[in-house]
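# Notes for the structure review
Given next are the chains, with one letter for each unit.
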Amino acid sequence: MRAYVPLTLAGLAAAHTSGELGPAPLTAYAVTPALREWYVSDDIEELEYAALNRAASASLRLLAGDPAAVRRRVVVAVDIPDGSAAADPDRGLDQAALGEVRIAAVVPLAKAAAVHVDADDAEGDVTAAAGALGAADQGDGDAQFTVDGAEDHELLWFGVQEIPHLIG
């Protein structure tokens, strides 16, 4: 199963140093039955892209909670055994939890397939979005527009061997 773990650059640096993503349980995003139903597609690539975008939104929330963090969203794609992640059945239809899963154990960084990170030119929009997230959650349309501006930036794909360059 492919799961997408939201992080910050500091979180990625910590994972690189320790060799694992943790501590457990980890919140990640994957193709869940609720995500399939919401996205209405049978194309696995489209569904995984939707899960990646959900993880990018979760990374933005991590940034909003850490004013000192570098304003670039980070998502690590990991391959984990089927059954090692579970969705909360009580939150299955909760829009905010679509695709959200809990991974019960730490994940060795060696299981990472790729790292997805914002480009440098996204930092301004990501900074503004992190600052507007609270107001957007309260229904402020202008703030939501600002948050959507960050989501317009595609995360770049990096190989795991490029992590030292990303955190350096």
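Residues numbered from 1 in each chain as written. Predicted model: local features only at pLDDT ≥ 70, side-chain atom pairs only at ≥ 80, totals over all residues. Heavy atoms only, no water.

## Quick word on the side chain of Thr32
- Turning to its location among the elements, Thr32 is positioned in the loop between strand E3 (26-29) and helix H2 (33-39).
- Thr32 sits in the buried class, given a relative accessible area of 5%.
- Non-local contacts of Thr32, meaning those with residues more than four positions away in its chain, are made with Ala87, Gly99, Glu100 and Val101. (Helix = DSSP H or I, 4+ residues; strand = E, 2+ residues; numbered from the N terminus. Buried < 20%, exposed > 50% of the residue type's maximum accessible area, 1.4 Å probe, protein only. Contact = heavy atoms within 4.5 Å.)

## Re helix H4 (residues 123-137)
- For H4, built from 15 residues, the straight-helix expectation of 21 Å at 1.5 Å per residue is met to within 8% by its first-to-last C-alpha distance of 21 Å.
- Of all the bends in H4, the greatest, near 40°, is centred on Gly131.
- Of the residues making up H4, those classed as buried are Val126, Ala129, Ala130, Ala132, Leu133 and Ala136.
- The inward-facing, buried residues of H4 contact helix H3 (44-64) and helix H5 (141-151).
- Positive phi appears at Gly139, one or two residues downstream of H4, with a value of about 100°. (Expected span 1.5 Å × (residues − 1). Bend = angle between axes of the 7 residues up to and from the residue.)

Keep in mind that these numbers describe shape and distance, not what the molecule does.
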